[in-house]
Amino acid sequence: MQVDSNDTLSERAELHFLAALVDELMRKLLVSGILNQAQLNEIEQQVSHRVGHSPRAW
């Protein structure tokens, strides 16, 4: 199957946007006191397990 490079670039840009959006949302949750650092680390751990990547520390 042939992959169109424009589609790949577009998908990559969308993934980067979504990742940055989630990062900002998590940061705002931390700063506003809605979630604490341990809770954010737990979320990161669960997500990293689902996608198979190492978690980041909050």
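Our structure's up above, just so we're on the same page.
Please read these numbers as outputs of a predicted model, since none were measured by experiment.

(A) Expanded view of the side chain of S48. Inspection of the secondary structure puts S48 in helix α2 (residues 37-51). Residues within four places of S48 in sequence aside, it is in contact with H53, S54 and P55.

(B) Quick peek at α2. Taking 1.5 Å of rise per residue, 15 residues should cover 21 Å, and α2 covers 21 Å from first to last C-alpha, within 8% of that figure. Inspection of α2 places L40, E44 and S48 among the buried residues, and these make up the whole buried set. For α2, the angular spread of buried residues about the axis comes to 70°, placing them on one side. In α2, those exposed residues whose orientation departs by more than 90 degrees from the buried face are A38, H49 and R50. Here the buried face of α2 lies against α1 (5-31). The backbone nitrogen of A38 has a side-chain oxygen 3.1 Å away, supplied by the residue at the start of α2, namely N36. The positive-phi residue at the C-terminal boundary of α2 is G52, with phi of around 80°.

Procedures and definitions
Residues numbered from 1 in each chain as written. Predicted model: local features only at pLDDT ≥ 70, side-chain atom pairs only at ≥ 80, totals over all residues. Heavy atoms only, no water. Helix = DSSP H or I, 4+ residues; strand = E, 2+ residues; numbered from the N terminus. Contact = heavy atoms within 4.5 Å. Expected span 1.5 Å × (residues − 1). Buried < 20%, exposed > 50% of the residue type's maximum accessible area, 1.4 Å probe, protein only. Arc of directions from axis to C-beta. Polar contact = N/O pair within 3.5 Å; in protein donor to acceptor, adjacent residues only side chain to side chain.

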